[in-house]
Amino acid sequence: MQKIKLTPRLQMCADFVRQNTAVADIGTDHCFLPAWLVLQKHITRAIAADINPQPLKSAAQTVAQFGLQTQIELRQSNGLESIAPTEVDDIVIAGMGGELIFEILNACPWAKDDRYNFILQPMSKSEVLVRGLYREGYEITAQKTCIDRKKPYTAFLVKYSGNVQEPSPEFCYKTLLNPKANPTDKAFFEQMLRYVANKAKGSKEYVGILGKLRKDF
Ligand SMILES: C[S@@+](CC[C@H](N)C(=O)[O-])C[C@H]1O[C@@H](n2cnc3c(N)ncnc32)[C@H](O)[C@@H]1O
């Protein structure tokens, strides 16, 4: 039987999942992440959720191929809407834009509880996600970066702290990255600098932000 090999981006998310937890993977698509975690015996059960029926069909194929029907439940769900608070410990929302990830989290009435670990992997606009998280009392407790098919990606480990804060614009871009010490952090930060430099072409505010970010580089 063929094995699942996660892409570096999904592996980065998997590496944040706590052992022996129940995991919800929101926007699961092919269900590779939950299937890999169960096959590795890293977790005992998972809910693989997606808003769309077609990805759930792909997910069902993965679950059937590896005989994981007793450990992985597939569920059609808009964000966390159809997940009950007692069903999960670790929640992965990966491969979507930062705005959508924040919308999904913010729409969930039970998410503000420090018993959950959120593993959030934005594909774009990570600064919007970061700003929203801190304004709602969440905190990034760890961050990873990787290179996948020559592109840098990041994932955040997030917990609710109840400490509502207004993060500085620079923090929303730099977050916990350590570009001087870590080559993949450096690659992600360089991508971020190019993004901010582009914004700075039409805005004095962004010129200031870019200057402060470059000092860290
Ligand atoms: C690009 S795929 C990412 C798949 C996988 N999580 C990954 O990181 O490789 C995005 C998935 O999110 C699903 N999705 C989009 N909006 C959603 C929502 N509000 N709730 C649940 N799933 C959603 C899409 O149907 C799609 O399958």
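Computed from a prediction, not measured in an experiment: that's the story for all the values here.

Bringing the sheet that holds strand β4 (residues 90-96) into the picture now. The strand order across the open sheet built from 7 strands is β3-β2-β1-β4-β5-β7-β6, with neighbouring strands paired in mixed fashion. A strand with exactly one partner marks an edge of an open sheet, and here the two such strands are β3 (72-76) and β6 (138-148). Within this sheet the neighbouring strands show an average axis-to-axis angle of 20°, counted without direction. Strand direction decides the pairing type here: strand β2 (residues 45-50) and β3, joined by 5 bridges, are parallel. By the bridge assignment for β3, Ala 48 is matched with Leu 74. Sheet strands touched by helix α5 (residues 126-135): β5 (117-122), β6 and β7 (151-160). Its angle to β6, the strand with the most contacts, is close to 165°.

Turning to the pairing of β6, a few remarks are in order. The pairing of β6 with β7 spans 10 bridges and is classified as antiparallel. Bridge pairing in β7 places Thr 145 opposite Thr 154.

Attention now moves to the nonpolar core. By size, the foremost hydrophobic cluster in this structure holds 30 residues, and its most contacted members are Ile 72 and Val 92. Of all the elements in the fold, those that place two or more residues in this core are α1 (8-14), α2 (32-39), β2, α3 (53-65), β4 and β7. Looking at this core element by element, the count peaks at 5 residues for α2. Non-local contacts of Val 92, meaning those with residues more than four positions away in its chain, are made with Cys 13, Val 17, Val 23, Ala 24, Asp 25, Ile 26, Leu 33 and Ile 119.

On to the domain arrangement of the protein chain. When its domains are assigned, the protein chain resolves into domain 1 (8-166) and domain 2 (168-217). Of the residues lining the interface, 19 residues belong to domain 1; the matching set on domain 2 comes to 17 residues. The contact between domain 1 and domain 2 buries some 1,300 Å² in all, and 63% of this surface belongs to carbon and sulfur atoms. Applying the counting criterion to the domain 1 and domain 2 interface returns 0 salt bridges. Inspection of the region where domain 1 meets domain 2 yields 5 residue pairs in polar contact (both at pLDDT 80 or more). Those elements giving two or more residues to the side of domain 1 that touches domain 2 turn out to be α5, β6 and β7.

This part takes up the site of the ligand. Close to the ligand lie 17 residues; Arg 9, Gly 27, Asp 50, Asn 52 and Gly 79 are nearest. In the environment of the ligand, an oxygen atom lies 2.7 Å from a nitrogen or oxygen atom belonging to the side chain of Arg 9. Asn 52 is positioned such that a nitrogen or oxygen atom in its side chain is 2.8 Å from an oxygen atom of the ligand. Isolated, the ligand exposes 600 Å² of accessible area, and the fraction of that covered by the protein chains is 79%. More than half of the atoms belonging to the ligand lie within 2 Å of the grid points that define the largest pocket. Breaking the shell around the ligand down by element, the ones donating at least two residues are α1, β4 and α4 (98-106). Ranked by residue count, the leading element in the shell around the ligand is β4, at 3 residues. Considered class by class, the residues forming the shell around the ligand number 8 nonpolar, 6 polar and 3 charged.

Conventions and cut-offs
- Residues numbered from 1 in each chain as written.
- Predicted model: local features only at pLDDT ≥ 70, side-chain atom pairs only at ≥ 80, totals over all residues.
- Heavy atoms only, no water.
- Pairing = 2+ DSSP bridges.
- Helix = DSSP H or I, 4+ residues; strand = E, 2+ residues; numbered from the N terminus.
- Axes fitted to C-alpha atoms, helices over the stretch in contact; angles between N-to-C directions.
- Contact = heavy atoms within 4.5 Å.
- Core = buried A, V, L, I, M, F, W, Y, C linked by side-chain atoms within 4.5 Å.
- Buried < 20%, exposed > 50% of the residue type's maximum accessible area, 1.4 Å probe, protein only.
- Domains from an automatic or database assignment.
- Buried area = accessible area lost by both parts, 1.4 Å probe.
- Salt bridge = Lys/Arg side-chain N within 4 Å of Asp/Glu carboxyl O.
- Polar contact = N/O pair within 3.5 Å; in protein donor to acceptor, adjacent residues only side chain to side chain.
- Near = heavy atom within 4 Å.
- Areas by Shrake-Rupley, 256 points an atom, 1.4 Å probe, with all protein chains shown as cover.
- 1 Å grid on protein atoms, 1.4 Å probe; cavity = no way out; pocket = protein on both sides within 12 Å on 5 of 7 lines; lining within 4 Å.
- Sits in = over half its atoms within 2 Å of the grid points.
- Nonpolar A, V, L, I, M, F, W, Y, C, P; charged D, E, K, R; others polar.

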